[in-house]
Amino acid sequence: MVDDTLTPLPGSETKVYGRRWLMLAMFVTLSMTSAFQWIMYSIISDAIMGYYNVEAFAVDWTSMIYMVTYIPLILPGSWLLDKKGLRWALVLAALGTCAGSWIKVFSVARDRYWVTFLGQTVVAVSQVFILNVPARLAAVWFGPGQVSSACSIGVFGNQLGVALGFVVPPMLVQNNTTNPELIGDQLRVLFYIVAITTSVLLVLILVTFQAGPPLPPSPAQATIKATENEGFFISVKRLSTNPAYILLLVSYGVNIAVFYAISTLLNQVVLKVFPSSHDAGNIGLVIVLAGMMGSVVCGVVLDSTGKFKETTLAVYALSLIGMVVYTYSFFTGLIWVVYLASAVLGFFMTGYLPVGFEFAAELTYPEPEGTSAGLLNAAVQLFGILFTMFYGWVFERSGHLYANVAMCLALLVGTIMTALIKNDLRRQAAQKCPMERAITVSTIGGAEQMLDDGDVVAEILAQLERQRETARQQSLRSSVPPVYSRN
């Protein structure tokens, strides 16, 4: 038998650099500033409506614009991340977030709602270059034992921004019907804080952020670097013909769309059951904080166990159970039960975010993580719009019970779909077997990318005859001509 350790992939020396944590910290902060602005208007909707003299629907659009702009821009955003790399993506994201934040500074006048919405739209467009990054940054900078945790921390930044968005704007801006100019002064302070923060971050990213380390951090990343000359749309085509990924794409979209729907209508549901309550914002904060904890815990579990499908299925099923408990909590008449149920729901449903990203990276290796994550996010935005509209329609006509039961049924379908996903952990297999990496490059990139040494090529072909999996053959043959034949 050929010893795998004797045939490493050419140029596959790996090294993990300490600066990776600085790169991750800069991204987390950037993601936080974007997510903060997503919710900053909706949480003080009464003050925004009074100051700018607009309807509630106009304020709702300050958050919906994030979803609407993402769908048509996902392909160019993923292409840029795939072809130009992390630095290009983060620089553009930071530049757009900063520009949009400063536009808002000039919107402090009662007849300039269109200016503040323009600034929000610029920030929303910029998030296209942010949402796909966590899985890609984790893979490019972190070794096999930390990649899932790093992805979870990357997602953590978005959740932290939402959490701060629930808390900070109401502290700085209070509705004052007798003195609208006071609201304007408070908004000006809020806008300046955000604009200055994003400006400092932009300079920091321009000066210090790097596209990637000199050497890849893992064997799997070494393989991707060797095949990175492939076309973006070829990668998208292969993803669209990967049955396991398609199942994950739909089930992931359903799960996060349910979260979007219940979060958007949370205030309406709480006021329906507890008419004099002002707890909706705090319940939303509990959901997000619990989800931040869930994201980190799930990332650690993935790194510790390597059980990607099992973890994904367990978290999805527990999200379903959490939704059932959440639905029941509104019939207890006790607000603390709603808080508790919301914490359970948020822990698993939001904790599913990095799990889905990492499972997708495993199922689609060696496709770029940014591309697979981008398509997942596109599904989330599309399903999010549809589910939010449907949830609101059912709630208005039949009440919160039927609306929540509909979401439970959707999660049940998603759980079944997750159970049907084939457990094909391609990236994990590449980490364990250097020979497998060489074979992957030979079948994707062509024989000319192999060593010229005939003995190494002979060993590769011999190993191929014994170890190649049928599923991998079919997946790779569908995209490029094979360099070998199997009898």
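Relevant structure appears above.
None of the values given here were measured: they were computed from a predicted structure. Along each chain, residue indices are assigned from 1 in the same order as the chain's sequence is written. With pLDDT at 70 or above as the cut-off, local features in this predicted model cover only qualifying residues; side-chain atom pairs require 80 or more to be listed or tallied, and sums for whole chains, interfaces and linings still use all residues. The side-chain quantities take in all heavy atoms of the structure and omit both hydrogens and water.

1. What to know about the overall build of the protein
Helical segments are the DSSP runs of H or I of at least four residues, strand segments are the runs of E of at least two, and each set is numbered from the N terminus. Helices and strands together make up the secondary structure of the protein, namely 21 helices and 0 strands. Residue pairs in contact within the protein that sit at least 24 positions apart in sequence constitute 84% of those at least 6 positions apart. A total accessible area of about 19700 Å² is found for the protein, and carbon and sulfur atoms account for 67% of it. Here, residues are in contact when the closest pair of their heavy atoms is within 4.5 Å. Per-residue accessibility takes into account occlusion by the displayed protein chains alone, with areas from the Shrake-Rupley method and a 1.4 Å probe.

2. What about helix 3 (residues 56-84)?
How far a helix is expected to stretch is found by multiplying one less than its residue total by 1.5 Å. The first and last C-alpha atoms of helix 3 sit 40 Å apart over 29 residues, in line with the 42 Å expected at 1.5 Å per residue. Think of it this way: the bend at a residue is just the angle between two axes, each fitted to seven residues, one set ending at that residue and the other starting at it. Along its length, helix 3 reaches its greatest deviation from straightness, about 60°, at L73, and the proline P76 lies no more than four positions downstream. A positive backbone phi angle near 95° is found at G85, which sits one or two residues after helix 3.

3. With respect to the environment of L401
By the secondary structure assignment, L401 is in helix 17 (residues 400-419). The exposure class of L401 is partly exposed, given its relative accessible area of 34%. In sequence terms L401 and V269 are 132 residues apart; their C-alpha atoms lie 9.8 Å from each other. When near neighbours in sequence (up to four residues on either side) are disregarded, L401 contacts T327 and F331. Between buried and exposed lies partly exposed: a residue is buried under 20% and exposed over 50% of the maximum accessible area for its type, with that area taken using a 1.4 Å probe on protein chains only.

4. Overview of helix 15 (residues 335-364)
The end-to-end C-alpha distance of helix 15, which contains 30 residues, comes to 43 Å, matching closely the 44 Å that a straight helix rising 1.5 Å per residue would cover. The largest bend in helix 15 comes to about 35°, at L353, with the proline P354 one to four residues further on. Burial runs high along helix 15: 23 of the 30 residues are buried.

5. With respect to the layout of surface pockets
Approximately 1600 Å³ is the volume found for the largest pocket. Every residue lining the largest pocket is counted, 50 residues in all, and those nearest its centre are S42, S45, D60, T264 and N267. Going through the elements one at a time, helix 1 (20-39), helix 2 (45-52), helix 3, helix 7 (147-172), helix 11 (243-264), helix 12 (266-273), helix 13 (280-305) and helix 16 (369-398) are the ones with two or more residues in the lining of the largest pocket. Here the lining of the largest pocket takes 7 residues from helix 3, the largest share from any one element. In the scheme used here, Gly and all other residues not listed as nonpolar or charged are polar, with Ala, Val, Leu, Ile, Met, Phe, Trp, Tyr, Cys and Pro taken as nonpolar and Asp, Glu, Lys and Arg as charged. Split into classes, the residues belonging to the lining of the largest pocket amount to 29 nonpolar, 17 polar and 4 charged. A pocket here means an open set of points on a 1 Å grid, computed over the protein atoms alone, that has protein on both sides within 12 Å along at least five of seven lines. A cavity is instead a set of points where a 1.4 Å probe fits but cannot get out; residues with an atom within 4 Å of a point line either one. Grid points are joined across faces, edges and corners, and a volume is the space filled by probe spheres set on the points.

6. Digging into the side chain of K104
Tracing the backbone shows K104 in helix 4 (residues 86-105). Within the structure, the side chain of K104 is placed 2.5 Å from the side chain of Q120, a separation counted as a polar contact. When residues no more than four places from it in sequence are discounted, the contact partners of K104 are Q37, M40, Y41, T116, G119, Q120, V123 and F191. Polar contact is defined as a pair of N or O atoms within 3.5 Å, subject to the rule that within protein one atom must be able to donate a hydrogen and the other to accept it, and that residues adjacent in sequence are counted only when both atoms are side-chain atoms.

7. Topic: the packing of aromatic side chains
What describes a pair of aromatic rings is the distance from one ring centre to the other and the angle between the planes of the rings. What counts as a ring pair is set by centres within 6.5 Å for rings of Phe, Tyr and Trp (its six-membered ring), and what kind of pair is set by the plane angle: stacked under 30 degrees, edge-to-face over 60, tilted for all other angles. For the structure on display, the rule yields 13 aromatic pairs. For the ring pair Y51 and Y52, a centre distance of 4.9 Å and an interplane angle of 80° mean the geometry is edge-to-face. Classification of Y51 by relative accessible area gives buried; the value is 2%. An angle of 80° between the planes, with centres 5.0 Å apart, marks the rings of F347 and F348 as edge-to-face. Here the aromatic cluster, defined as three or more aromatic residues joined through ring pairs, consists of Y51, Y52, Y113 and F117.

8. A short note on the pattern of salt bridges
Counted as salt bridges are all cases of a side-chain nitrogen of Lys or Arg within 4 Å of a carboxyl oxygen of Asp or Glu. Under the defined criterion, the tally for this structure stands at 2 salt bridges. Salt-bridge contacts for D185 lead to R188; the nearest nitrogen and oxygen are separated by 3.2 Å. With D185 and R188 both in helix 8 (residues 180-208) and 3 residues apart, this pair spans about one turn of that helix. When the shortest N-O distance is used, the salt bridge between R397 and E396 registers 3.8 Å. Overall, E396 belongs to the exposed group, its relative accessible area being 61%.

9. Examining unusual backbone geometry
For N53, which is not a glycine, the phi torsion comes out positive at approximately 60°. Looking at where N53 falls in the secondary structure, it is placed in the loop between helix 2 and helix 3.

10. Describing a nonpolar patch on the surface
A surface patch of nonpolar side chains, amounting to about 940 Å² of accessible area, comprises Y328, F331, L401, Y402, V405, L409, L412, I416 and L420. With 6 residues, helix 17 is the largest single contributor of residues to the nonpolar patch. Relative to the assigned elements, L409 resides in helix 17. For L409, a relative accessible area of 51% corresponds to the exposed category. To count toward a patch, a residue needs a relative accessible area above 30% and no salt bridge. Like charges then connect within 9 Å, nonpolar side chains (Val, Leu, Ile, Met, Phe, Trp, Tyr) within 5 Å.

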